[in-house]
Structures are given as structure tokens and as C-alpha cells.
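# Structural features, examined
Each chain, letter by letter, is given below.
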Amino acid sequence: YLNDFNLQRNNYIDQLKNGQNNILVAIRCRPLNQREIEKSEYEVVRILDERVVVLIDPYYESNQNDVLRKNRNKEMQFAFDYAFDETISQVEIYEKTSNFLLDGVIEGFNATVFAYGATGAGKTYTMVGSPDNPGIMSRTMNQLYYLIQQNSNQNHFVVRVSYLEIYNENIKDLLSIEDKNLDLREDPSQGVVVAGITEIECSSTQEIMALLKVGNRNRTKEATEANEASSRSHAVLQVQVEIKQLEQGPQEEVKYSKLSMVDLAGSERAANTSNRGLRMIEGAKINQSLLCLGNCIQALSQIQEKKNSNLFVPYRGSKLTRLLKDSLGGNCRTVMIANVSPSVLTFEDTYNTLNYANRAKNIKTNVVRNILNVENHLNNYAQIIQNLRQENEQL
Ligand code: ADP
Ligand code: MG
């Protein structure tokens, strides 16, 4: 069974790389930090063999008295294209999830990378990282410039960058000091565009990362009780690539592609904090974009797996999905990295994140049940032995 699953999954990855199955969903579990270790928080997340995650419910016993929760299992299993534990390096996560996006981008196809997860789960670490251990954004940009250089004798490339946030379903330009809401419109050759947004031509990863820093200072950060510095907005770095063929045919051909890298707002539910008023509305709107994104990706992955090709994709349900309408599904390549913390104290967030990611792309596994639950194993064996004995006696 496990071999079947591995085969099926390796097929997925090959297809992804060949552009046939363009949605990759990965889980990344960060390590417990020093503070969590000192407070003796223990881990409730286990990663098995790079694809299966097991979540252990610390409330299992008390759930038995709860009508809504008593059908939950003590150990829950989820399968993804990849599941990474805390030993995964920044390089490896880049190579396995985002490296293949760029081959499409320099051919004129759009691509999107999302970091999903609760505040503190590791979204920014995954996307931005630290100066000595950069994340997906700068590694992806390095690859883009590398490919541009490799292809510079056939094509002329122009790279333009914009950086925006979606806060309360409003789009704000993070590279402008003007504090106004921007509108979306559709352009026949460029697809969805944000009207009036600042676009800066960049010729190196360093320039782009510098812009990111400038933009982050403009990001809306409001303290909530759940987390002082929690990010309440979705931050979208968009890299537009203009591709002009040097040797021109009968008519000049210019292709455009877009690479979007999104550090999503914290996915913790508004209900978890005592937010009222503005914060409450904000929570609902964050969820509107996250919910709608999940619905769109779910529909797109079902269409790609040919389960239902007539499915409606509800792009119009939120600003985020309207913005990314031309960058998800179809010929586009989409990567979602769902970040979780292993701590027992973030169990509910982790549970929600795994369910969200699993809904976005449902990979079936009903095979490796109870691998970690030794007690259960022993019980099963005891049962088997007992059955054998009974059979024996009956003979
Ligand atoms: P988020 O953006 O989801 O709120 P952060 O990326 O800021 O979370 O991560 C929270 C903290 O955990 C930061 O101090 C970050 O450096 C640390 N962290 C996150 N992921 C990892 C990881 N994989 N390895 C080591 N430290 C991590
Ligand atoms: Mg963050």
C-alpha cells in the first residue's frame, strides 16, 4: 500500500514538473523554539517520510464528552505532495517546491507561491528567511535572473516589481507613500492589473529584496491579543516579466508573465481572540480571502485531476483571488506551503491548517494508519493472536 502511494505521489511530482498537474501543496513544520522548550511544550506533529503528517490530539480524552468532537481520532493523518519536518533546509524546501516554477515563467506562464499558516508558524521565515539563510523569495529571484541570463541570446527580458497588501479587502501599494485603495482591472495582454500601482524595474535579487524591506515598513500591523506583532494583511510581491524575442518574425511578439509570492495573513480564527469591532471585521475579511482562496484551489485541483471539469472557480469571492485569477490553475503553476508549529499549544491552529491544505489538494491515504501508536499496534497484535488461538481451538 505504502509503495502504491509512493508511486502515485512520485507520478504527481513528475507531472508537476512537466506542467500537467500544476498545483503543489506542501506542509512545513517548524522546530519548537527555545521558549517553548523551556516551558516544556511538547510536539503533537510528526512527519512520516516526507509526505504524510500525523497530528496527535492532546484533547482526545476530554473530547469523548463533547458531541461535536467525539468522532475525532486521536491520531489524524494527512498526505500532501510534500511534508517537511524541522530538519528541512531553506535550500531544500526551495528546490523541492519552487525551483520548477521559473521554467514556466520565462516562457510566458504565470506562477504563484503562497505561505499559509497561523501567526508564528513560519510563513515569513519560509518566504523571506534571514540574510544568512534566505527563503523562497530571494532563491526564486536568483533562479529567475539566472534563467534570464541563460536565455539572453534569444530574448530580451524586462523585470518589473510591485509589492502590495490586501487589508480588509482593500488593495494598498506598499511601494508608495500615498495611502489609497487601488482597483483591479483586466488587460487583454497583461491579464489582471492593479491600476496605478508602482512598478519598479529591477535587475538583481538584491534590488528586489531592498524593495521588499521598504514595503514591509508600510505594511499594516495592528496589535491583537493573540499576537502583538501579528500580520493582519496578505502581502503580495509581484514580479512581472516582459519577454521580447530578439529575432523578430513577421510581427513583434511580446509575452508577459507574472510571478506572485504571497505571505498570507495569519490564518488563526478571529474567534480565538477577544477581538471586537474593527478587529472582528478584519478577522472575518482575512478569512473571506483565505476561505475563497481555499475554495478556488480546491476547484482548480479537482479540474486538473479531471474529477470534474465543469467546476465553477469562485475567483470573484475575494480581492486576493480576483488579483490572482490569471495566476492560478490552467497553465499556471501554483505552490502552497502550509506552515505549522509542532507545539501542543497550537494544536487547534495546526488542525485547521492541515484541514485547509488537505482540502486544497486531497491526496488519498488510508494506508499507514496508527504507525506511531505503539499501544494500538500491540492491541491489534493481541487481537490477532487471540483470533488465531480461537481458530486453532476450533480446529
Ligand atoms: P509567521 O510569519 O508565520 O508569523 P515567522 O516566520 O515570523 O512566522 O516565524 C515565527 C518565528 O519562528 C520566527 O522567530 C522565525 O525565525 C522562527 N521560525 C519559523 N520557522 C522556522 C524554521 N523552519 N526554523 C527555525 N526557525 C523558524
Ligand atoms: Mg509573518
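Residues numbered from 1 in each chain as written. Chains lettered and ligands numbered in written order. Predicted model: local features only at pLDDT ≥ 70, side-chain atom pairs only at ≥ 80, totals over all residues.

An unreviewed UniProt entry annotates the protein chain as Kinesin-like protein of Tetrahymena thermophila. Regarding the protein chain, the UniProt comment filed under Sequence similarities (unreviewed entry) reads as follows: "Belongs to the TRAFAC class myosin-kinesin ATPase superfamily. Kinesin family." (UniProt positions renumbered as here; feature names shortened; annotations may be inferred.)

A tally of helices and strands in the protein chain yields twelve helices and 17 strands. Within the protein chain, the fraction of its 395 residues that count as buried is 38%. Considering only contacts in the protein chain between residues 6 or more positions apart, those separated by 24 or more positions represent 73%. (Helix = DSSP H or I, 4+ residues; strand = E, 2+ residues; numbered from the N terminus. Buried ≥ 20, exposed ≤ 12 C-beta atoms within 10 Å, placed from the backbone. Contact = placed C-beta atoms within 7 Å.)

Lining the immediate environment of ligand 1, one finds R30, P31, N33, G117, T119, G120, A121, G122, K123, T124, Y125 and N339. The class makeup of the residues in the shell around ligand 1 is three nonpolar, seven polar and two charged. (Near = placed C-beta within 6 Å. Nonpolar A, V, L, I, M, F, W, Y, C, P; charged D, E, K, R; others polar.)

Here three strands make up an open sheet; going across it, the order is β2-β3-β4 and the pairing antiparallel. Strands with a single pairing partner mark the edges of an open sheet, and in this sheet they are β2 (45-48) and β4 (75-79). Between one strand axis and the next, the sheet turns through 20° on average, direction left out of account. Sheet topology places β2 next to strand β3 (residues 52-56); four bridges connect them, and they run antiparallel. Of the residues in β3, the one forming a bridge with I47 is V53. (Pairing = 2+ DSSP bridges. Axes fitted to C-alpha atoms, helices over the stretch in contact; angles between N-to-C directions.)

Close contact between helix α7 (residues 136-150) and helix α8 (residues 205-217) brings their axes to 9 Å; oriented N to C, the two are set at 145°. Crossing of α7 against α8: the hand is right-handed. Facing S138, M141, N142 and Y145 of α7, the residues of α8 in contact are T205, I208 and M209. Looking at the contact of α7 with α8, its residues break down into four nonpolar, three polar and no charged. (Left-handed = near helix turned anticlockwise from the far one by under 90°.)

Turning to the UniProt feature "binding site: ATP" (unreviewed entry) in the protein chain, a few remarks are in order. Here, the residues flagged by UniProt with the feature "binding site: ATP" (unreviewed entry) are G117, A118, T119, G120, A121, G122, K123 and T124. Tracing the backbone shows A121 in the loop between β6 (111-117) and α6 (123-127). Contacts of K123, omitting those with residues within four sequence positions, involve A115, G117, D263, L264 and N339.

As a further point, take the environment of N63. For N63, the location among the structural elements is in helix α3 (residues 60-63). As for N63 and R28, which are separated by 35 residues in sequence, their C-alpha atoms are 27 Å apart. Residues within four places of N63 in sequence aside, it is in contact with D57, R69, K70 and R72.

The next subject is unusual backbone geometry. The phi torsion at N168 lies on the positive side, around 55°, for a residue other than glycine. Structurally, N168 can be placed in the loop between β9 (155-167) and β10 (170-173). When the 18 C-beta atoms within 10 Å are taken as the criterion, N168 is described as partly exposed.

Another point: the pairing of β6. Along a regular strand, successive side chains alternate from one face of the sheet to the other. Burial runs high along β6: seven of the seven residues are buried. Covered by surrounding structure in β6 are A111, V113, A115 and G117 together with T112, F114 and Y116, the residues of both alternating faces. Sheet analysis places β6 next to strand β16 (residues 254-263), joined by five bridges and oriented parallel. Residue pairing in the sheet places A111 in a bridge with L259 of β16. Across seven bridges, β6 lies against strand β17 (residues 333-340) in parallel orientation. Paired with V113 across the strands is V335, a residue of β17.

Across the protein chain, pLDDT averages 84, with 82% of residues at or above 70. Contacts from residues 225-230, a stretch scored under 50 in pLDDT, to residues over four places away or in other chains number 13 contacts. Overall, residues 366-375 carries pLDDT values under 50, and its contacts beyond four positions in sequence, including any with other chains, amount to 16 contacts. In the model output, the complex is listed with pTM 0.85 alongside ipTM 0.99. (pLDDT = per-residue confidence, 0-100.)

On to α8. Across its 13 residues, α8 extends 19 Å between first and last C-alpha, which sits within 8% of the 18 Å expected from 1.5 Å per residue. Considered for burial, the residues of α8 that qualify are I208, L212 and G215. Along the axis of α8, the buried residues cluster in a sector spanning 65°; they form a single face. Projecting away from the buried face of α8 at angles above 90 degrees are the exposed residues Q206, A210, K213, V214 and R217. (Expected span 1.5 Å × (residues − 1). Arc of directions from axis to C-beta.)

To continue, consider the environment of V128. Relative to the elements of secondary structure, V128 occurs in the loop between α6 and β7 (129-130). When the 22 C-beta atoms within 10 Å are taken as the criterion, V128 is described as buried. Taking the C-alpha atoms as reference points, V128 and T334, separated by 206 residues in sequence, lie 18 Å from one another. Not counting the four nearest positions on each side in its chain, V128 is found in contact with G135 and M137.

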